[in-house]
Amino acid sequence: MAKAAGDYLSGGISTITVRILLIAAMLALPLAGTGFIQGLNNSLFAKRFEWAPRKATGNIVFVAIDKRSLDSVGTWPWPRSIYAALLDKLIASGARDIFLDVDFSASSSKQEDDRLAAALERAGGGVLLPVFRQQQRASSSETAVTRPIPQFLQNAWPAFANVAMDADGIVRRFDLGNQFDENPTQSAAAALGRTGRTAGSLPVDYSIRPDSVPTFSLSDVLDGTVPADAIRDRSVVVGASAAELKDIFAVPVYGAIAGPLIHVLAAETLLQNRFLGTFDQAPLELLFAVILIIGVVRGRSAGLVTILAIGLTIVLVGEIGAFLLQWQYGLLVGTAVPWSMLMLAWMLALNERIDLGRMLVAVANTEARNTRRLMRRIIADSSDGVVAFDSDLKIVEASESARSVLRAGIGASLLGGAHTAVIDIVRRLVSEHDAEPGKIHTGLVDFPDNSGSQAAHYEASVTISPVEQTSAHPTAARSRFAGCLIIRDVTARHEYEERLKRLSELDELTGLLNRREFASRLAALHSDVLVCVLDVERFSSLCATLGRDVGDELLKAVTARLRNAFGGDLLARLDGGHFGVATSAIDERPIEDIADSLLGLFKEPVPIRGAAVPISVRLGIARSGEADPGALANAAESALDAARATPGLRWSSFDPSTAVRQARSRRLEQDMHDALQNRQFFLLYQPQIELADGRLVGAEALIRWNHPEFGLISPAEFIPIAESSGLICDIGRWTLFEACTEAAAWPAELSVAVNVSALQFERSDIEADVREALSSSGLPSSRLCLELTESTFLDQGGPSIAKIGALRETGVVIALDDFGTGYSSMSYLADLPLDKLKIDQSFVRRMNGNANAFEIVRAIISLAHGLNLQVVAEGIENEPEAEALHRLGCEMGQGYLFGRPDDPVRMLSKWSVQKPLSAEA
């Protein structure tokens, strides 16, 4: 082909023709804007960055998810509680802004998501989370924004984190922002760089050295080995730098760096006011071309050496000027076009003195021979397998490594020894070439090779390029092509990807499926299955008593027994001591048999370190059809919760009604967070009466919840939920303040009783709350009665008694509620600083028809009087009960006989006139 080009040049190119072509090329260069020219300019810009390095300001810190951080955690993706702990560490160290360059667009477990959401809330809005604008489909121009889940965006700012590459795959510019939900939103670099712009893009100043950015390993930050001064008052970018996470991009000057570090350099560009810019150079370049052409034409008498020296001087002076403009003023001046013009001008001068046509012929012929030799050498020495083939699919050239893979040599058919996948893609590309013969067609395929002692994996890249022929028949010319096949050994990469896949799917300790993969595979099943969730009872206690290492061995032993019994089924470790088993339900085995077989696996103790450790398990079971396939594990866990809630029950099958109740409880727990703020809770008051004269002496405050969807909800339902979630402290504090404020407007002789839960008493500063409630409401302390149950002081008797004593010193009245239903220890009762004792309604309602209950009530009243305590009887529903209690010496009573819980205005209105009891003795 090169020889044919030489013959053409010899016959068709004259000195005048070459002159015209060179002058036309010089004038066309400023307007061409070719990729080659731009690539040359980019290389020169990068060199100038390299010649004048700058240090980072130090105002932005990079916290890297490096290999050591990955190894310390051991799994990927990380649990979101790790990011929550990191945020707390950074905020405690005084970080200013924090950009988490981590994709949170998919939900994790509720517990993990809640922990990160809580950390974001504690951060106070100082956290940026990444959003990405990307194509919805590969073949579509429509874009969509990938965003963090809404729970996280409630207390964080969105920031675009796209990294845009040029056509050559190198990152040179950064965006300042984009549209997010029809609002202009800054990029992470713009936000960290403290600029107000939200649109457009700017070049990154790569003279700022990445190694001057303060960088710390994420594991060091979590361990507390990074001093707080290194973080304080600085912005922080958290992102991946480990090579296995593949967040690496090519950049000028430094080769390849981590994506988060590009955001840091872009932000540093803004912080250092390095707003790099360009200008339209075409007019100046055209003027320069004209000057060169005139100079060459008029300077025919000058020697070539003189012309070369002048050209080199111009290049030197021009490059120095361009360097100074870029260094001092941030002006990017492209010099590729002027220097290309100088080369063409030198060739023009040479053409004026030498017959360039003959020289080009000689160069073309020499190049053809050298190209052939070079191609053979490259193919022979290539570490990858390289094969060149013709349009008949015959091998023309092949490297040694390619011959060993294909088991075919030069001259053989490519289809004879290649893998089926390679043959298929070659045939497809040939068909595409026949349809569009003027284009280059490429394809990529992976294929295994199991013929050797060890399995290998290869990646084959096939390219078919059209070859122009001298044939007079166009049809024949279009059918000709040259093909290239490059075979690369990707065994190591394949094994690494398989390892990463296993890490993301399996539990590291036991090797079983993790929760996410277990649910995913269940969702993909099309046959009937039975899912069991197994809970190792007291697992946390065993770990606390015997040590975490023994706990790990116990989990491995449980795994071994499950594998022996259900080796062909899906097995998973869901979390802690929870395991999942999914077995086929086609044989319609009774659930009882499957439950018995599972429970039977753990009748014998587990041998660990020479000791026999007995364990017991409970089961929850669900079948296909009882829930969606992907939710079967959740259904089985619902059944497990029911089994654990019933003493003595070892297993339970899924009950939709139980699941509905559990779902309602979860819904109420979620809604309870907003119920206080939206004033959905309210108080009713049940009167307390002096039994001797029927006089109203006070009322007990009773909380109710008016749910906007479910209506009135009983305290018996929502109080346990509030206690399990810890919200009882906030609800109890609100009840205390509300009751004190209401009672302050009552007549001075009336008191108000407020219940305090054991959890609220233990966790909150109840003494401070009482003082604040009394102070803000103006209610005298003697008119407030706090009602406590025995569970308040049973677990921590001494500290609880001291706390009750401190409360009593404030002047409030302390009552022991529901006496007789708990432990009723006489020793505790003797030590408690009490004022009142309340008899539980279960005794009051039975006392007139049950002699034993009557004697218990008599004993309680006698005991209370012996301890100088007033007695309040609950649940009085008729006059005989009130009369009997009064005869026994009970001072006060409450119940439906005197009034149901009611609005305070109606209650006071009813008792505005003294109402003596008809049953008075």
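Sequence order sets the numbering: in each chain, residues are counted from 1 along the sequence as written. Per-residue local features are limited, in this predicted model, to residues with pLDDT of at least 70; the limit for side-chain atom pairs, both in listing and counting, is 80 or more; totals at the level of whole chains, interfaces and linings are taken over all residues. Only hydrogens and water are removed before side-chain values are computed, so all heavy atoms of the structure are retained for them.

(A) Summary view of the overall build of the protein chain. Helix numbering and strand numbering both begin at the N terminus, where a helix is a DSSP run of H or I of at least 4 residues and a strand a DSSP run of E of at least 2. Helix and strand counts for the protein chain come out as 36 helices and 34 strands. Expressed as a percentage of its 921 residues, the buried residues of the protein chain come to 45%. Surface accessibility in these figures is a Shrake-Rupley result with a 1.4 Å probe; residues are shielded only by whichever protein chains are displayed. Accessible surface computed for the protein chain: about 45,400 Å², of which carbon and sulfur atoms make up 54%. Type-normalised accessible area, obtained with a 1.4 Å probe on protein chains alone, sets the label of each residue: buried when under 20%, exposed when over 50%, and partly exposed for intermediate values.

(B) Region of the structure containing the packing of helix 20 (residues 515-524) against helix 24 (residues 632-645). For helices, the fitted line uses only the C-alpha atoms of the stretch in contact; every axis is such a line through C-alpha atoms, and the angle between N-to-C directions lies from 0 to 180 degrees. Put simply, helix 20 and helix 24 touch, their axes get as near as 9 Å, and they point 115° apart. One way to sum up the angle between helix 20 and helix 24 is to call them roughly perpendicular. Contacts from Arg515, Phe518 and Leu522 in helix 20 reach Leu632, Ala633, Asn634 and Glu637 in helix 24. All residues other than Ala, Val, Leu, Ile, Met, Phe, Trp, Tyr, Cys, Pro, Asp, Glu, Lys and Arg, Gly among them, are scored as polar; the first ten of these are nonpolar and the last four charged. The residue makeup of the contact of helix 20 with helix 24, split by class, is 4 nonpolar, 1 polar and 2 charged. Here the word oblique covers every angle except those under 35 degrees (roughly parallel), over 145 (roughly antiparallel) and from 65 to 115 (roughly perpendicular). Should any heavy atoms of two residues lie within 4.5 Å, those residues are considered in contact.

(C) Summary view of the pattern of salt bridges. Any carboxyl oxygen of Asp or Glu that lies within 4 Å of a side-chain nitrogen of Lys or Arg is treated as forming a salt bridge with it. Enumeration according to the criterion identifies 45 salt bridges in this entry. We note a salt bridge from aspartate 166 to arginine 172, for which the minimum N-O separation is 2.9 Å. Overall, the relative accessible area of 14% leaves arginine 172 in the buried class. Arginine 679 is the salt-bridge partner of glutamate 738, the closest N and O atoms lying 3.1 Å from each other. With glutamate 738 in helix 27 (residues 728-743) and arginine 679 in the loop between helix 25 (656-675) and strand 26 (681-690), this pair connects stretches of sequence that are 59 residues apart. Classification of glutamate 738 by relative accessible area gives partly exposed; the value is 27%. Salt bridges linked by common partners bring Glu700, Glu787, Lys838 and Glu874 together as one network.

(D) Expanded view of the layout of surface pockets. Put simply, the second largest pocket is a space of about 940 Å³. Residue lining of the second largest pocket: 35 residues in total, with Glu700, Leu702, Pro715, Asn755 and Asp817 positioned closest to the centre. The set of elements that each furnish at least two residues to the lining of the second largest pocket consists of strand 27 (695-707), helix 26 (715-725), helix 27, strand 29 (751-755), strand 30 (784-788) and strand 31 (813-819). Tallying contributions element by element places strand 27 first for the lining of the second largest pocket, with 5 residues. Along the lines of polarity and charge, the residues of the lining of the second largest pocket split into 13 nonpolar, 12 polar and 10 charged. Method remark: on a 1 Å grid restricted to protein atoms, a set of points is classed as a cavity if a 1.4 Å probe fits but cannot get out and as a pocket if it is open with protein on both sides within 12 Å along at least five of seven lines; lining residues have an atom within 4 Å of a point. Grid points are joined across faces, edges and corners, and a volume is the space filled by probe spheres set on the points.

(E) Representation of empty space enclosed by the protein in the model. This model, assessed by the stated rule, comprises 3 cavities of 30 Å³ or more. One number sums up the size of the largest cavity: a volume of about 40 Å³. Lining the largest cavity are Arg48, Phe49, Ala52, Arg54, Ser207, Arg274, Phe323, Gln326 and Trp327. Elements with a minimum of two residues in the lining of the largest cavity: helix 3 (35-51) and helix 12 (304-329). With 3 residues, helix 12 is the single largest residue contributor to the lining of the largest cavity.

(F) The arrangement of the UniProt feature "transmembrane region" (unreviewed entry) in the protein chain in detail. UniProt positions are given in the numbering used here, feature names are shortened, and annotations may be inferred rather than shown by experiment. Mapped onto the present numbering, the UniProt feature "transmembrane region" (unreviewed entry) falls at residues 20-40, 278-297, 304-325 and 331-350. Between the C-alpha atoms that bound residues 304-325 there is a distance of 31 Å. The span itself is 100% helix and 0% strand. Note that residues 331-350 is 75% helix and 0% strand, and that its end C-alpha atoms are spaced 35 Å apart.

(G) Quick peek at the sheet that holds strand 24 (residues 617-623). By definition, two strands form a pair when at least two bridges between them are found by DSSP. Pairing is mixed across the open sheet formed by 5 strands, whose spatial order is 20-21-19-24-25. In the strand order of this sheet, the two ends are held by strand 20 (570-575) and strand 25 (651-653), each with one partner. Strand-to-strand twist in this sheet, taken as the mean axis angle between neighbours without regard to direction, amounts to 20°. Bridging between strand 20 and strand 21 (residues 578-584) involves 5 bridges; their strand directions are antiparallel. Bridge pairing links alanine 572 to glycine 580 in strand 21. Helix 20 contacts strand 19 (529-536), strand 20 and strand 21 of the sheet and is inclined by roughly 140° relative to strand 20. Strand contacts of helix 23 (residues 591-600): strand 19, strand 24 and strand 25, with the helix running at about 150° to strand 24, the strand carrying the most contacts.

(H) Expanded view of the nonpolar core. Grouped together as the largest cluster of nonpolar side chains are 74 residues, with contacts concentrated most on Leu784, Leu786 and Leu885. For this core, the element with the most residues is helix 27, which contributes 9 residues. Excluding anything up to four places from it in sequence, leucine 784 contacts Leu736, Cys740, Val752, Val754, Val770, Leu774, Leu779, Val812 and Val813. Formed by 37 residues, the second largest nonpolar core is a distinct cluster that contains Ala191, Leu192, Ile208 and Leu276. Residues belong to a common nonpolar core when they are buried Ala, Val, Leu, Ile, Met, Phe, Trp, Tyr or Cys residues joined through side-chain atoms within 4.5 Å.

(I) Region of the structure containing a nonpolar patch on the surface. Patches were defined on residues exceeding 30% relative accessible area and lacking a salt bridge, with like-charge contacts within 9 Å and nonpolar side-chain contacts (Val, Leu, Ile, Met, Phe, Trp, Tyr) within 5 Å. A contiguous nonpolar surface patch, about 380 Å² in accessible area, is contributed by Leu316, Ile320, Leu324 and Trp327. By the element assignment, tryptophan 327 lies in helix 12. Taking relative accessible area as the criterion, tryptophan 327 reaches 37% and is therefore assigned partly exposed.

(J) Geometry of the environment of isoleucine 440. Structurally, isoleucine 440 is set in the loop between helix 17 (420-435) and strand 16 (441-449). Beyond its immediate chain neighbours, meaning those up to four positions away, isoleucine 440 contacts Thr463, Ile464, Ser465 and Pro466.

(K) Molecular detail of the sheet that holds strand 18 (residues 481-489). Taken in spatial order, the 5 strands line up as 15-14-18-17-16 in an open sheet, and their pairing is antiparallel. Two strands in the sheet have a free side with no partner beyond their single neighbour: strand 15 (395-398) and strand 16. Averaged over all adjacent pairs, the angle separating strand axes in this sheet is 20°, with direction ignored. Bridge analysis of strand 16 against strand 17 (residues 456-466) gives 9 bridges, and the strand direction is antiparallel. Pairing of aspartate 446 across the sheet is with glutamate 459, part of strand 17. Its contacts with the sheet place helix 17 against strand 16, strand 17 and strand 18, and it is angled at close to 170° to strand 16. Here helix 19 (residues 491-505) sits on the sheet and contacts strand 16, strand 17 and strand 18; the angle it forms with strand 17, its principal contact strand, is near 120°.

(L) Quick peek at the confidence of the model for the protein chain. What pLDDT conveys is the predictor's confidence in a given residue, as a value from 0 to 100. With 89% of its residues at a pLDDT of 70 or more, the protein chain shows a mean pLDDT of 83. Every residue in residues 471-478 is under pLDDT 50, and counting partners more than four places away or in other chains gives 5 contacts. This stretch, residues 913-921, has a pLDDT under 50; its non-local contacts, to residues over four places away or in other chains, come to 14 contacts.

(M) Just the pairing of strand 21, in detail. Within strand 21, 6 of the 7 residues are buried, which leaves it mostly tucked inside the rest of the structure. The turn joining strand 20 and strand 21, which pair antiparallel and follow one another in sequence, is formed by 2 residues; a positive phi near 50° is taken by glycine 576.

(N) Inspection of the pairing of strand 11 (residues 235-240) at higher detail. The buried count for strand 11 comes to 6 of 6 residues, which makes it a mostly enclosed element. Pairing analysis gives 3 bridges linking strand 2 (residues 98-100) to strand 11, with the strands arranged parallel. Pairing of leucine 100 across the sheet is with valine 238, part of strand 11.

(O) Representation of the environment of threonine 15. Looking at the element boundaries, threonine 15 is found in helix 2 (residues 15-32). As a C-alpha pair, threonine 15 and leucine 348 span 333 residues in sequence and 9.7 Å in three-dimensional space.

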